[in-house]
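Descriptive structure summary
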Amino acid sequence: MPYVINNECIECGACEAECPVGAITAGDGKYVIDADTCISCGACAGVCPVGAPNEE
Ligand code: SF4
Ligand code: SF4
């Protein structure tokens, strides 16, 4: 299952640079993951300071 960023996101942008497939972009109030692009590698969760990305 793809990862999803919850509302804990503080928009630091760290995850966007780590995603190997470019699935993460800045959204309205938080960063968002394109579910069709995400390969569930977990890199975003590994760099997020607030644990916002989680596998659904
Ligand atoms: Fe990108 Fe991996 Fe996070 Fe999916 S789990 S959004 S592929 S870094
Ligand atoms: Fe949001 Fe975490 Fe990504 Fe930073 S690393 S933009 S807090 S999801």
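Let me sum up the structure you'll find in this document. (Residues numbered from 1 in each chain as written. Chains lettered and ligands numbered in written order. Predicted model: local features only at pLDDT ≥ 70, side-chain atom pairs only at ≥ 80, totals over all residues. Heavy atoms only, no water.)

The next subject is the overall build of the protein chain. If you tally the helices and strands in the protein chain, you get 2 helices and 4 strands. Counted from the first residue to the last, the protein chain has its helices and strands arranged as β-α-β-β-α-β. At 9 Å, the protein chain has a C-alpha radius of gyration in line with the 10 Å of a compact globule built from 56 residues. Projected onto its principal axes, the C-alpha coordinates of the protein chain cover approximately 25 × 20 × 20 Å. Taken across its 56 residues, the protein chain has 29% of its residues classed as buried. Within the protein chain, contacts between residues at least 6 apart in sequence are counted, and of these 56% link residues at least 24 apart. Looking at the protein chain as shown, the accessible area adds up to about 3300 Å², and 46% of this sits on carbon and sulfur atoms. (Helix = DSSP H or I, 4+ residues; strand = E, 2+ residues; numbered from the N terminus. Rg over C-alpha atoms; globule rule 2.2 N^0.38 Å. Buried < 20%, exposed > 50% of the residue type's maximum accessible area, 1.4 Å probe, protein only. Contact = heavy atoms within 4.5 Å. Areas by Shrake-Rupley, 256 points an atom, 1.4 Å probe, with all protein chains shown as cover.)

This brings us to the site of ligand 2. The immediate surroundings of ligand 2 are formed by 14 residues, with C9, C12, G13, C15 and C48 found nearest. Looking at the shell around ligand 2 residue by residue, the class counts come to 12 nonpolar, 1 polar and 1 charged. (Near = heavy atom within 4 Å. Nonpolar A, V, L, I, M, F, W, Y, C, P; charged D, E, K, R; others polar.)

What follows covers empty space enclosed by the protein. One pass over the structure, following the stated rule, counts 2 cavities of 30 Å³ or more. A volume near 80 Å³ is recorded for the largest cavity. Lining the largest cavity are 14 residues, and of these C9, C12, C15, C48 and P49 lie nearest its centre. In the lining of the largest cavity, the residues fall into 12 nonpolar, 1 polar and 1 charged. Volume-wise, the second largest cavity comes out at about 70 Å³. In terms of lining, the second largest cavity is formed by C19, P20, V21, A23, I24, I33, C38, I39, S40, C41, G42 and C44. Tallied by class, the residues present in the lining of the second largest cavity amount to 10 nonpolar, 2 polar and no charged. (1 Å grid on protein atoms, 1.4 Å probe; cavity = no way out; pocket = protein on both sides within 12 Å on 5 of 7 lines; lining within 4 Å. Points joined across faces, edges and corners; volume = space filled by probe spheres on them.)

A separate point is the environment of E16. Position of E16 among the secondary structure elements: in helix α1 (residues 14-18). Judged by relative accessible area, E16 falls into the partly exposed class, the value being 37%. Among all residues touching E16, those that are not within four sequence positions of it are I24, T25 and Y31.

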